[in-house]
Every structure is written in C-alpha cells, then in structure tokens.
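Here is what each chain is made of, one letter per residue.
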Amino acid sequence: LDEHWTVESKEFDKSTFILATNPRRPYGVFIKVEKNFAVLLVSTNIDTAIMDAPERLNIYRTLLLLNDKWKLVKFAIAGDDEEIIIETELNLCYLNKEEFSDALSVTLIGMSELVKELDLEERYEDAQLNHVASIINEKHEEGNTNEQIIEYLMHTYDVSRNVAEKAIQAVIGQKNEPKLGYFR
C-alpha cells in the first residue's frame, strides 16, 4: 500500500468501482465497494472457456487446491469466458489501513502463487516486459527526455543506469537523437 498506486474511480449501479494500478505490476487491482464490504479483484486475462477439457480440469483442480491453501484469497472463474480471477473480500465495518494493506499484499502474493502453480512465469515475464515498454513509450510520447525516463526506471524498478538505457534503446531506439544526415 505504501507503493505508488494510480487510482481511478467510477460509480455504477449503487457500487463504486476503483481501478488501482502500479507501475511495478502488469495488472491492475479492481476494488468494488458496496454498502458494508469491498472486494479486491485481480483479473488474469486467462480465459478457460476455449481450452481443451484436460487443460481446464487441471486448472480447476489447481484453483481448488489453492483455495484450500489460501484462506483469505479466493481463486475463481468468472464471466462468459470463464476467466481466472483472484478475489479478496473485506468487511468495511472493521477495515483500517493496516488490514487493507495486508489484504492487498495477500492478494498480490496470491497472484504470484497462481502464476507459479499454473507454470505461467514466462507469460507473466512477457506481460511485465510489455508493461514496462508501454510505460517507456508513454513517457516518451509525453515529451520526457531519455534522461528523465532513465531516472524514472532506476527509481521505480530499482535497476541500474545501464539496464535502464538498454530498455529505452530496445523500446524507442534512437528517436531522441538529432538527425545529422550527412554530417554524422
């Protein structure tokens, strides 16, 4: 909770929906707030409806085993596409910052456990790299200099200057270098 989160809120059908995003994570946390409770929800974007039966059964079994292992977090299937989601329910009557922070931490750790149990580490790493690349592009399009983006990457992701420079080079290349034509 003490990390930097960007928050958007919308009202819909007597509920408040909040999307919290963090630059360190390739996914957001949805928070649905109703009368006396809130639900933290992480969408995995993994749809099981189109999978073969044996693969689906393996995933469902894994989700059931995770539900038995984790008491606060629920691993579930939701929607027409039968997407894998992670939910944590909170009673707002007794909720304080520490309890919310703990619930958020458990939800995020649950996501890491799900990635590991379903052998999705490579897919998650790809999502993380694409997420960082989109942030680099966004900052570049906003007019940030390479130096500003390097500082951001070093601060946000705790990477070395060399790694930050290579990331920028891989994503935006030489876009910020002056065009010298024949005088190069």
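Anything mentioned here points back to the structure above.
Source: prediction; values computed, not measured. (Residues numbered from 1 in each chain as written. Predicted model: local features only at pLDDT ≥ 70, side-chain atom pairs only at ≥ 80, totals over all residues. Heavy atoms only, no water.)

> Is there a simple way to think about the pattern of salt bridges in this case?
Charged atoms that come close allow side chains of opposite charge to pair. Applying the stated criterion to the full structure yields eight salt bridges. Between R56 and E82 there is a salt bridge, with its nearest N and O atoms 2.6 Å apart. Residue R56 is located in helix α1 (residues 53–69), and its partner E82 is located in the loop between β5 (73–78) and β6 (83–91); the two are separated by 26 residues in the primary sequence. Residue class for E82 comes out partly exposed when judged on its relative accessible area of 23%. The structure contains a network of salt bridges with shared partners spanning E147, E151, R161 and E165. (Salt bridge = Lys/Arg side-chain N within 4 Å of Asp/Glu carboxyl O. Helix = DSSP H or I, 4+ residues; strand = E, 2+ residues; numbered from the N terminus. Buried < 20%, exposed > 50% of the residue type's maximum accessible area, 1.4 Å probe, protein only.)

> Honestly, the nonpolar core in this entry has me stumped. Any pointers?
Across soluble globular proteins, nonpolar side chains show a tendency to be buried alongside one another. V29, L40, F75 and L114 are the most contacted members of the largest nonpolar core, which totals 29 residues. In contact with F75, not counting residues within four places along its chain, are L63, L66, N67, W70, I85, I86, G110 and L114. Residues V132, I136, L153 and A164 belong to the second largest nonpolar core, which totals 10 residues. (Core = buried A, V, L, I, M, F, W, Y, C linked by side-chain atoms within 4.5 Å. Contact = heavy atoms within 4.5 Å.)

> Would you mind going over the packing of aromatic side chains with me for this structure?
What characterises a pair of aromatic rings is the spacing of the ring centres plus the angle enclosed by the ring planes. Counted under the stated rule, the structure contains three aromatic pairs. Relative to Y124, the ring of Y27 has its centre 6.3 Å away and its plane inclined at 50 degrees; by these criteria the two rings are tilted. Within this pair, whereas Y27 is found in the loop between β2 (15–21) and β3 (29–33), its partner Y124 is found in helix α3 (residues 121–141), the two being separated by 97 residues in sequence. Exposure remark for Y27: the relative accessible area of 10% places this residue in the buried category. Using a relative accessible area of 26% as the deciding quantity, one classes Y124 as partly exposed. Judged by centre distance (6.5 Å) and plane angle (80 degrees), the rings of Y152 and Y157 are edge-to-face. (Phe/Tyr/Trp six-rings, centres within 6.5 Å; stacked < 30°, edge-to-face > 60°.)

> What exactly am I supposed to notice about helix α2 (residues 97–117) here?
For α2, built from 21 residues, the straight-helix expectation of 30 Å at 1.5 Å per residue is met to within 8% by its first-to-last C-alpha distance of 30 Å. Within the span of α2, buried status applies to F100, S101, A103, L104, T107, L108, G110, M111, E113, L114 and V115. Considering only its buried residues, α2 is in contact with β3, β4 (37–47), α1, β5, β6 and α3. Its side-chain oxygen at 3.1 Å from the backbone nitrogen of E98, N96 defines the N-terminal cap of α2. Residue D119 follows α2 closely and has a positive phi angle near 55 degrees. (Expected span 1.5 Å × (residues − 1). Polar contact = N/O pair within 3.5 Å; in protein donor to acceptor, adjacent residues only side chain to side chain.)

> What is the right way to read unusual backbone geometry from this model?
With the exception of glycine, most residues fall at negative phi, and the peptide bonds are largely trans. Phi at D119 is positive, roughly 55 degrees, even though this residue is not glycine. Looking at the secondary structure, you find D119 in the loop between α2 and α3. The exposure class assigned to D119 is exposed, which follows from its relative accessible area of 62%.

So, to be careful, I would describe these as geometric facts and stop short of saying anything about function.
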